[in-house]
Amino acid sequence: MSATPNRPIRLAPSILASDFGRLAEEVAAVAEAGADWIHVDVMDGHFVPNLTLGPVVVEAVRAATSLPLDVHLMIEAPERSLESYIAAGADRVGVHVETCPHLHRTLAQIREAGARNCVVLNPSTPAAAVEPVLSEADQVLVMSVNPGFGGQRFIEGSLPKIAQLRRWIDERELDVEIEVDGGIGPGTIGRAAAAGANVFVAGTAVFGKPDYAAALADLRKEAEGATA
Ligand code: DX5
Ligand code: ZN
């Protein structure tokens, strides 16, 4: 199974690995270097053991680029604050299955507020948890590390999960992006693409490199090679 031809490869550098003291410059630099989306990791110190940023910083990122902002909410009760991220400039808003007892309603709430929705699965959550809402989703994000920190090792069990989701989406002829986040870099991006993902978050593999354009070009080449 591979990404379908109408699903272009999207590279979404995660600003978590950027220099926050120079955030606007870092965002502009990856945009210039060939990023397709900017991935913004929001962590609340409760759902995940790390605390990052809120809507005010999303607004600053919005002002620094015209690229789509892919905002990943690793927060409890996202339905209470997701509108504030959309007002700040989020184009896509991801909520974790594990934080949404009323997932179907929360996905509709994101669309009603004017953004694309994304449903996110932790490594220990099976693909079956999102199967009932696939027809209501714009995007599914398979976490390939336990969320909270950058620079972790890719969890191999993510690959069959991506492949299962790709099968369901293709069989039903749905228009749903499959995104993968965590440990994506040379050696893992191609395998995730071959399994059926088409959106790739990369933090360390972009911001950890001296030449962002070369890093993004290498990642794109490996992903495209795996789906050709
Ligand atoms: C982890 C975040 C990721 C993280 C990825 O909780 O959701 O977006 O920044 O970092 P790397 O690419 O370094 O694994
Ligand atoms: Zn993320």
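Notes on the structure in this doc start here. These numbers were taken from a predicted model, which means no experiment stands behind them. (Residues numbered from 1 in each chain as written. Chains lettered and ligands numbered in written order. Predicted model: local features only at pLDDT ≥ 70, side-chain atom pairs only at ≥ 80, totals over all residues. Heavy atoms only, no water.)

Judged by nonpolar contacts, the single largest core of 65 residues is most densely connected at I15, I38, V71, L73, V130, L165 and F200. Per element, the largest residue contribution to this core is five residues, and it comes from helix α5 (residues 158–171). Not counting residues within four places of it along the chain, the set of residues in contact with V71 comprises V40, V42, V58, Y85, A90, R92, V93 and G94. (Core = buried A, V, L, I, M, F, W, Y, C linked by side-chain atoms within 4.5 Å. Buried < 20%, exposed > 50% of the residue type's maximum accessible area, 1.4 Å probe, protein only. Helix = DSSP H or I, 4+ residues; strand = E, 2+ residues; numbered from the N terminus. Contact = heavy atoms within 4.5 Å.)

What follows covers the coordination of the zinc ion (ligand 2). Within the protein, the zinc ion (ligand 2) binds to H39 (NE2), D41 (OD), H72 (ND1) and D181 (OD); these donor distances fall in the range 2.0 to 2.3 Å. What the six donor atoms of the zinc ion (ligand 2) show is an angle range of 69 to 170° at the metal, which sorts the shape as octahedral. Sequence spacing among the residues donating to the zinc ion (ligand 2) works out to H-x1-D-x30-H-x108-D. Here D181 lies in strand β7 (residues 177–181) and D41 lies in strand β2 (residues 38–43), a separation of 140 residues in the sequence. You'll find D41 and D181 in the same group, each marked buried. (Donors = N, O, S within 2.8 Å, 3.2 Å for Na, K, Ca; no water. Tetrahedral: all angles 85-135°; square planar, octahedral: opposite > 155°, others 65-115°.)

Buried within helix α4 (residues 103–112) we find L103, T106, L107, Q109 and I110. Looking straight down α4, one finds its buried side chains confined to an arc of 155°; they lie on one side. In α4, the exposed residues that point more than 90 degrees away from the buried face are R105 and E112. Structurally, α4 contributes buried residues whose contacts are with α3 (82–87), β4 (92–96) and β5 (116–121). (Arc of directions from axis to C-beta.)

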